Amino acid sequence: MPDQFLTGNEAVAQAALDGAVSLGTGYPGTPSTEILERFDTLGGRAQWAPNEKVALEVGLGVAYGTARALVTMKHVGLNVAADALFSATYTGVAEGLVIVVADDPGMHSSQNEQDTRRYAEASGAPMFEPGDSQEAYDHTLKALEVSARFQLPVILRMTTRVCHSKGRVRTRNERAQVPAPRYERDIPGRVMIPGYARPAHVRLRERLASLARSEVPAQLLIEEGDDTRLGIIADGVAAAHAREAAPGARLLKPGLTHPLPIEAMRDFAAKVDRCVVIEEGDPYLYTAARAADIPVEGKPERFRFGELNADRVRRILAGDESPEPEPEAPGKPPRLCADCSHRQVFQTLAKHECIVAGDIGCYTLGVMPPFEAMDTCVCMGASIGVGLGLRHALPADQARRVVSVIGDSTFVHTGLPGLAEMAYNPPATGHILLILDNDTTAMTGLQEHPGTGRRLDHHPASSKLHYEAIALALGISNVHTVDPVEAQDEFERLLTDALASDELTLIVARRPCPLASRRLAAFQAEQESSS
Amino acid sequence: MSDRHGVTNIVIAGLGGQGIVTGSDILAHAAFAAGHDVKKSEIHGMSQRGGSVSSDIRFGPRVHSPMVPHAEADFLIISESSQVLPNRHRLGPQGRLITPDAVPQLFQDESSQQAARMVNVALLGVLSAHLDIAEAHWIDAIRTQLPEKLHEMNLRAFRQARGIEALFGTLTGDSRPRPTL
């Protein structure tokens with residue numbers, strides 16, 4: 001096959017196919033979303049899960065069943081999946097389980113810039129870090145093999161510039177051979193009661209030590225460059241920036257960054273006159289090197305924030321403390337589409353001076369002018385809990401203005417337990433939950449979820465989540481559905497009534513996203529013409 | 001072109017929904033088909049909602065970083081005039097700015113909606129006269145990166161704009177005081 005020109009995400013999907021992954025699952029999140037969509041297009045079995053924790057649990061089950069699984073998410077998604085991760089490393093796996101986690105240094109479309117490398121160390125999961133599309137392909141295949149061989153789930157840590165950059169990829173021309181799935185009972189290995197978990201923790205550390213002693217770390221280590229006056233230790237895309245900034249310098253790039261090839265780093269530092277660690281985000285490599293008494297330099301604190309690039313790496317290497325250049329004018333911020341139904345909703349919330357506990361999605365843009373109708377946004381699903389807390393704490397006149405606003409996909413992701421809390425511990429003034437149901441996961445690029453009634457490939461699913469019925473089943477008696485555009489007056493009346501009452505109310509503001517509707521219509525037309 | 005080991009740096013910038021990513025895909029795939037090492041990078045996500053979008057394309061014998069370093073763009077292509085100021089700092093000292101002002105006569109016979117959909121490919125047509133990529137690779141890239149129903153319209157835009165540039169000849173010097181080709 002000739003070389004392909006692929007994004008990192010596309011390369012991971014191709015490797016999943018070539019690596020005989022039997023199921024890919026995850027939750028959409030920029031910059032990770034396209035991996036599963038591409039895997040589906042290539043003919044792999046891909047599906048969206050309600051959230052990352054469920055996705056990881058499904059992937060774990062697949063790997064217990066001696067089949068290969070790929071689980072994808074963005075960095076904050078790993079917070080949701082962390083509960084499963086920290087015990088999955090204890091139970092281990094029977095076949096390859098690769099968890100792709102995409103970090104977003106610089107927060108191009110995220111609420112924080114947490115560094116997933118900390119999770120690998122904390123949970124004990126081995127971690128691979130590709131720096132370009134070719135490595136994304138190669139490392140995914142290798143990670144599947146390593147996971148199966150050492151019986152551990154493996155994290156493939158990507159970053160925005162690896163996920164969304166395109167480069168040349170040479171693919172393997174054969175499909176990996178894996179045995180047919182079968183169940184082999186292993187109660188002490190899979191059931192984490194304390195008596196079985198204690199030896200499981202010891203076993204995890206032994207497996208990591210065995211991986212560290214194997215030939216794998218050296219296979220994933222790149223060492224190049226002739227000028228030993230300057231040595232650079234760098235991981236992921238930071239190594240590409242370093243090559244650009246200091247073309248002749250000696251470079252050490254570990255592809256396996258947990259467990260770290262610490263002795264190779266020590267030998268490398270001893271061979272160069274000056275050794276500098278170049279890494280995005282937290283000082284993960286630097287701290288490990290210094291803890292091992294390896295004489296390396298790190299980066300000034302200001303380079304902990306945002307992405308690196310060749311210019312910033314030059315500054316780090318030169319000790320240049322001058323201010324970094326700024327654009328002559330700021331870029332244009334994103335905003336709600338002209339025909340988006342969220343506009344009417346936020347207009348009404350602003351008019352009634354609501355205190356809005358918001359959530360994550362397109363509708364977070366309700367915080368922007370002219371609406372400025374959002375007071376909090378923390379993490380997926382937080383709108384409900386935060387709104388309830390505000391209602392509990394504030395004096396009644398303010399508490400009655402608190403409204404929780406959540407999108408349909410986010411509600412399914414982590415809003416369901418919040419709704420249970422709302423029914424279980426209602427504030428004295430009641431509460432209002434507004435589900436903005438636009439029938440898609442809009443912000444990440446119009447993905448399906450259990451509430452749309454369609455699968456990842458847009459074909460009908462076998463069920464469709466019914467938000468109103470769920471609320472009624474939980475004991476919330478005031479449940480309303482309204483189109484906030486067609487029936488804007490009714491929407492305002494429902495909101496006004498709910499604000500005045502001391503009861504629990506769910507209002508589902510339902511109107512499909514115009515972008516999603518157009519795409520769905522085109523998809524359906526294509527299906528009809530091909531059938 | 002600079003002496004950065006033969007690497008050409010191009011930044012395409014505009015607003016979400018204008019087809020910046022598709023335009024940069026056409027350029028990157030044309031360069032790839034021409035046998036160059038190519039890297040292309042941009043930001044998705046929030047910027048899809050009408051905000052500023054920019055895409056970096058780099059090609060040459062060997063490309064390392066996927067991002068065009070600060071003030072090293074050889075060409076800055078802007079599809080919406082408000083985006084000149086937020087991006088102009090990316091141009092190198094000998095860099096050239098290409099804006100829609102370069103191709104107005106192209107669109108006299110088109111509806112404004114039609115013209116808006118053709119502008120990116122027309123700007124690539126202007127750019128193409130300056131790059132070491134054969135026309136056939138551009139045509140192929142337009143065909144593979146766009147849906148079939150848009151081929152005819154965009155191939156017309158590309159060829160006309162490439163022709164316009166040929167009429168003016170190759171421009172030289174620092175374009176920054178004069179923000180159009």
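As recorded in an unreviewed UniProt entry, chain B goes by Pyruvate ferredoxin/flavodoxin oxidoreductase and comes from Halorhodospira halophila.

Looking at an unreviewed UniProt entry, one finds chain A named Indolepyruvate oxidoreductase subunit IorA, with Halorhodospira halophila as its source organism.

Visitor: I would appreciate a short explanation of the interface of chain B and chain A in the present structure.
Guide: Note: interface size is frequently given as the accessible area lost on complex formation between the parts. Between chain B and chain A, the residue contacts involve 36 residues of the former and 44 residues of the latter. Here Arg314 of chain A makes a salt bridge to Glu72 of chain B, at a shortest N to O gap of 3.5 Å. Put simply, chain B and chain A have eleven residue pairs in polar contact (both at pLDDT 80 or more) between them. By residue number, the principal contributor to the side of chain B that touches chain A is strand E2 (residues 37–42) of chain B, which donates six residues. Partitioned by chemical class, the residues of the side of chain B that touches chain A number eleven nonpolar, 16 polar and nine charged. Sheet topology note: the strand E8 (residues 165–169) of chain A/E2 of chain B ladder contains two bridges and is antiparallel.

Visitor: Teacher, can you tell me more about the domain arrangement of chain A here?
Guide: Residue and element names in this part refer to chain A. Taken domain by domain, chain A consists of domain 1 (4–175 + 186–214), domain 2 (221–318) and domain 3 (341–520). For the pair domain 1 and domain 2, the summed buried surface comes to about 1900 Å²; carbon and sulfur atoms form 50% of the total. Across the salt bridge formed by Lys253 and Glu135, the nearest N and O atoms sit 2.7 Å from each other. Our enumeration of links across domain 1 and domain 2 arrives at 15 residue pairs in polar contact (both at pLDDT 80 or more). If you tally residues by element for the side of domain 1 that touches domain 2, the top one is helix H5 (residues 117–123), at four residues. In the side of domain 1 that touches domain 2, the residues fall into eleven nonpolar, seven polar and nine charged.

Visitor: It is not clear to me how the sheet that holds strand E13 (residues 274–278) of chain A should be interpreted in this structure. Could you clarify?
Guide: Residue and element names in this part refer to chain A. With respect to topology, four strands assemble into an open sheet ordered E9-E11-E10-E13, the strand pairing being mixed. The sheet is open, and its two borders are formed by strand E9 (221–224) and E13, each paired with just one other strand. Each strand of the sheet is rotated relative to its neighbour by a mean of 15°, with strand direction disregarded. Bridge analysis of strand E10 (residues 227–234) against E13 gives five bridges, and the strand direction is parallel. When the sheet's bridge partners are listed, Ile233 is paired in E13 with Val277. Most of the contacts of helix H14 (residues 310–318) go to E13, to which it runs at about 145°, and overall it touches E10 and E13.

Calculation notes
- Residues numbered from 1 in each chain as written.
- Chains lettered and ligands numbered in written order.
- Predicted model: local features only at pLDDT ≥ 70, side-chain atom pairs only at ≥ 80, totals over all residues.
- Heavy atoms only, no water.
- Contact = heavy atoms within 4.5 Å.
- Salt bridge = Lys/Arg side-chain N within 4 Å of Asp/Glu carboxyl O.
- Polar contact = N/O pair within 3.5 Å; in protein donor to acceptor, adjacent residues only side chain to side chain.
- Helix = DSSP H or I, 4+ residues; strand = E, 2+ residues; numbered from the N terminus.
- Nonpolar A, V, L, I, M, F, W, Y, C, P; charged D, E, K, R; others polar.
- Pairing = 2+ DSSP bridges.
- Domains from an automatic or database assignment.
- Buried area = accessible area lost by both parts, 1.4 Å probe.
- Axes fitted to C-alpha atoms, helices over the stretch in contact; angles between N-to-C directions.

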